[in-house]
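Structural characterization, general
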Amino acid sequence: MRRRKRRPGLDDRQYRKARDRLRSRSQVCHICGGTIDVSLPYTDARSWTADHIIPRSKGGHLLGEMKAAHRDCNSRRGNRTEVREDKLPTSRSWLPSSVPEGTRDSARSKGRQR
């Protein structure tokens, strides 16, 4: 019987254990925030993958920090280190500073009345 050719690094037992541990704990994509269906086959675009936070091509270690991601989100991100969602505003600091402080709340409530 012919043995399958081993891929350097990805067939490492420690990597498989870390990947399986992450898969059992995390089913939320850290890139888009959507839930991941772990029952999908690995060839499906929305299947579960382990994303290396520091890409291996940029010096990241095989057993470095990993997070769960959809296969297509992970592929789209490529070897970039930043995630687009990290750049989204997380507070009211995105409002223009020219809007007076007292009118911010009234402008928001007017939009809800429509």
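Our structure's up above, just so we're on the same page.
What this report covers is the structure whose coordinates are included nearby. (Residues numbered from 1 in each chain as written. Predicted model: local features only at pLDDT ≥ 70, side-chain atom pairs only at ≥ 80, totals over all residues. Heavy atoms only, no water.)

As a further point, take the nonpolar core. Counting 13 residues, the largest nonpolar core has Cys29, Trp48, Ala50 and Met66 as its most contacted members. Counting only elements with at least two residues in this core, the list comes to α1 (13-25), β1 (48-52) and β2 (66-70). The contacts of tryptophan 48, once residues within four sequence positions are left out, are Arg19, Leu22, Arg23, Ser26, Ile36, Val38, Ala68 and Ala69. (Core = buried A, V, L, I, M, F, W, Y, C linked by side-chain atoms within 4.5 Å. Buried < 20%, exposed > 50% of the residue type's maximum accessible area, 1.4 Å probe, protein only. Helix = DSSP H or I, 4+ residues; strand = E, 2+ residues; numbered from the N terminus. Contact = heavy atoms within 4.5 Å.)

Applying the stated criterion across every chain yields a total of 4 salt bridges. Across the pair arginine 76 and aspartate 72 runs a salt bridge whose closest N-O atoms are separated by 3.7 Å. Taken together, the residues arginine 76 and aspartate 72, both in helix α2 (residues 71-77) and 4 residues apart, mark about one turn of the helix. On the basis of relative accessible area, arginine 76 is assigned to the exposed category, the value being 54%. By relative accessible area, aspartate 72 is classed as partly exposed at 22%. (Salt bridge = Lys/Arg side-chain N within 4 Å of Asp/Glu carboxyl O.)

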